[in-house]
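Coordinate analysis (summary)
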Amino acid sequence: MIRFNKIRVQLQLTMGLLIVFTIGALGIFHFNTVKRSLLNDYREKHFYTVLEASKSSFQSILQKAIETSELLAEDPTIVSWFKGKEKDDDLKQLALQRLDYLYKNYKYSTVFAVSNLTNNYWKEGFELMDVISEEDSDDCWFFEGLENKIKTTLNFDYNRELNKTVLFVNVLMGDLEDPLGIAGVGVNPSVLIDEFNKHKISENTILWLADEKGKVLISERVDQINKPLQDYLPEQVVHNIIENGNASVISEAVINNKKVEVAFMPIATTRYKLVVMVPDEELVPVLRLIEQQTLMFSVVFLLITLVVVSILSRTITLPLLRLKVQSESLAEGRLDYEPDPALIKRVDEIGVLAKTFDGMRKQLSEDIIEMNKLNERLVNEKNHLKETNQQLNKALASASESERLTQSFLANISHEIRTPMNSIMGFSELIEVTEVGSNDYKQYASLVVKSGQQLLSILDSIINLSKIESGVLKPSWGRINISVLVKETYEIYHVLAKNRGLKMVLSLERNEKDLEIHTDAILLQQVLNNLIQNAIKYTNEGFVKIGCYEKEDQLIIYVEDTGIGMSLKDMEYIFEPFRQIDNIHSKKTVGAGLGLAIVDKIAKILGGTIEVSSQPKKGSRFTVKLPRS
């Protein structure tokens, strides 16, 4: 009996030790397996998911601020105002309205533009906030930005005039080699810091926004801002962050004898990176709970069978494996999976972890939907700004062209009207105060009449163009013989051409005796008169030729000369009102630049077209095409 009891005790002790060893070994094995699986899964997938969500928030805020600043720096109104050294009050009003509009509608801390020509610092509210100076240390950011010649930079600084700390987005205006100034917006850093806190993995997680040189631009700890990352991370880790252009995780880096995980990811097309540091011991909080439960189960299962041990081990591992599947779904971006209801209903730590995963899934889904909406709105706003800029550019070009044409027209009209008027007034006064003979009297009177006819011709041209533009001029249709009209025109002008030492040539095909057309004879005669008068006026030697012929269902009338000709650039604008070639009126020619504009418009009224071919110093050919019916 004693021996039996001893054997039983030995068996109990042996089985107890075996159970303890087995349970301990199984617990350690399962714990390490789950730990490795969760850590690897967290590093390779979940870590990137959290980092991507953080980056998405920052990218939306920073990208919007950068794009707004770049569009502001390219705004044609502000650029034109700065180029004019801020002297145009109309442009000033439009430019400052632009700054105020962006400030009020996009909720930035400030919206500003600083001129390199005047050193004036303008901001929202139509306010001239400061005149910057190289002697003022607070203004060094401006001169350093001009000197560095980097298109877009971020600057986290306290602004004395604004009395607040702001993340400034600075964009160079105009040519990078010779910038016109700097424009941009200021972002409230508390917004970015709030985004940091939303995506903290653990209590001691630290997130930084750093530039390409490793300088900290944003951190929830104010004392770390504008400090190098080398102050907080090992030199080799910082080197990898700066040199590596892709997202990456650096595992088990050692800081103050503690292992940490460091991950970084570039933000879109900017020069900045999001860096996160998490202590290994805080990476997966559930591991400590699993370790405690394993120890507790070892004590409890000291007196139970291996079957119970197997069941309990399955109770521990299976929920974790299901959680692993869910974490893989999160890491792969599949947020539409259905959570395991059995895990959600659990009241233990695994249930809490399952609910945490489900809450994270819902939050990420909402964040992604919100980010998509914000990105879509940003794209729409960007397109709207581009359309507005294009419309402003078109309006500015149209206004410049209109002003140039008006000035040219006034110069031409002033010259053309004053010349005959001076002649009329001069000879009239001469006749009035001087005793002249009959021959001199007739000569002076003839010059007065000639100058009056010249003035009348200019006024007729202006009146005719006005009638055409207003639609008052209507054609009087009738059947006419083109051959007869061309011959009569030839008879009218061949004497004038001869007096100028030119040969007048008439070209009619033999079968064109009875070429008739349904048109307005008076308007067509005016077209021929203007074309031949121009040909004689601008031809110094050679010939002027007029002719007509039939081609298919059209009648062709042409006027050709060996005059001064035109360049391709001149031919693009020759039919526009008040256009003359190289200011021809300064070369002893007269006219307001309306003749060819009237010809073009009459040709269109008659249902036809006019074309021109020309070479400088070789002559020109104007061709009028009219329909037969």
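A few points on the structure. Owing to the predicted nature of the structure, the values given are computational and were not obtained by experimental measurement. Along each chain, residue indices are assigned from 1 in the same order as the chain's sequence is written. Under the rules for a predicted model, residues below a pLDDT of 70 receive no local features and side-chain atom pairs below 80 are neither given nor counted, while totals for whole chains, interfaces and linings still include all residues. Heavy atoms throughout the structure, all of them, feed into the side-chain values; hydrogens and water do not.

1. Re the packing of aromatic side chains
The condition that has to hold: What counts as a ring pair is set by centres within 6.5 Å for rings of Phe, Tyr and Trp (its six-membered ring), and what kind of pair is set by the plane angle: stacked under 30 degrees, edge-to-face over 60, tilted for all other angles. For every residue, the accessible area (1.4 Å probe, protein chains only) is compared with the maximum for its type, and the residue is labelled buried under 20%, exposed over 50%, or partly exposed between those bounds. We call a charge positioned over a ring when the NZ of a Lys or the CZ of an Arg lies within 6 Å of the ring centre and within 35 degrees of the ring normal.
Taken as a whole and assessed by the stated rule, the structure comprises 12 aromatic pairs. Both rings, one in Phe112 and one in Tyr121, keep their centres 5.7 Å apart while their planes meet at 25 degrees; by these two values the pair is stacked. By relative accessible area, Tyr121 is classed as buried at 3%. The structure contains a cluster of three or more aromatic residues connected by ring pairs, namely Phe112, Tyr121, Trp141, Phe142, Phe143 and Phe168. We note Arg621 situated over the ring of Tyr558; from NZ or CZ to the ring centre the distance is 3.9 Å.

2. What to know about the side chain of Asp570
In plain terms, the rule: Helix and strand labels come from DSSP, where a helix needs a run of H or I of at least four residues and a strand needs a run of E of at least two; each type is numbered from the N terminus. Counted charges follow a simple rule, with Lys and Arg positive, Asp and Glu negative, and His plus the chain ends left uncounted. Should a side-chain nitrogen of Lys or Arg be within 4 Å of a carboxyl oxygen of Asp or Glu, the pair is scored as a salt bridge. Residues adjacent in sequence count toward polar contacts only when both atoms are side-chain atoms; beyond that, a polar contact is any pair of N or O atoms within 3.5 Å, and within protein one must be able to donate a hydrogen and the other to accept it.
Counting through the fold element by element, Asp570 comes out in helix α15 (residues 568–573). Buried charge without a salt bridge: Asp570, with Lys569 as the nearest opposite-charge side chain at an N-O distance of 6.8 Å. Within polar-contact distance, the side chain of Asp570 engages the side chain of Ser567 at 3.1 Å.

3. A look at the pattern of salt bridges
As enumerated under the stated definition, the model contains eight salt bridges in all. Between Arg98 and Asp75 there is a salt bridge whose closest N-O contact spans 3.2 Å. Highlighted residues: Arg98 in helix α3 (residues 89–106) and Asp75 in the loop between α1 (2–73) and α2 (76–83), separated in sequence by 23 residues. The pair Arg98 / Asp75 is uniform in exposure class, with both members buried. Between Glu127 and Lys123 there is a salt bridge; the shortest N-O distance is 3.3 Å. Taking the relative accessible area as the measure of exposure, Glu127 reaches 35% and is therefore partly exposed. On the accessibility criterion, Lys123 (9% relative accessible area) is buried. Connected via shared salt-bridge partners are Lys123, Glu124 and Glu127.

4. What to know about unusual backbone geometry
Backbone geometry places Asn119, a non-glycine residue, at a positive phi of 65 degrees. Positionally, Asn119 belongs in the loop between β1 (110–115) and β2 (120–123). A residue is classified by how much of its surface remains accessible, and Asn119, at 22% relative accessible area, is partly exposed. Here the phi dihedral of Lys617 falls at roughly 70 degrees; this positive angle occurs in a residue that is not glycine. Its place among the elements puts Lys617 in the loop between β17 (609–615) and β18 (619–627).

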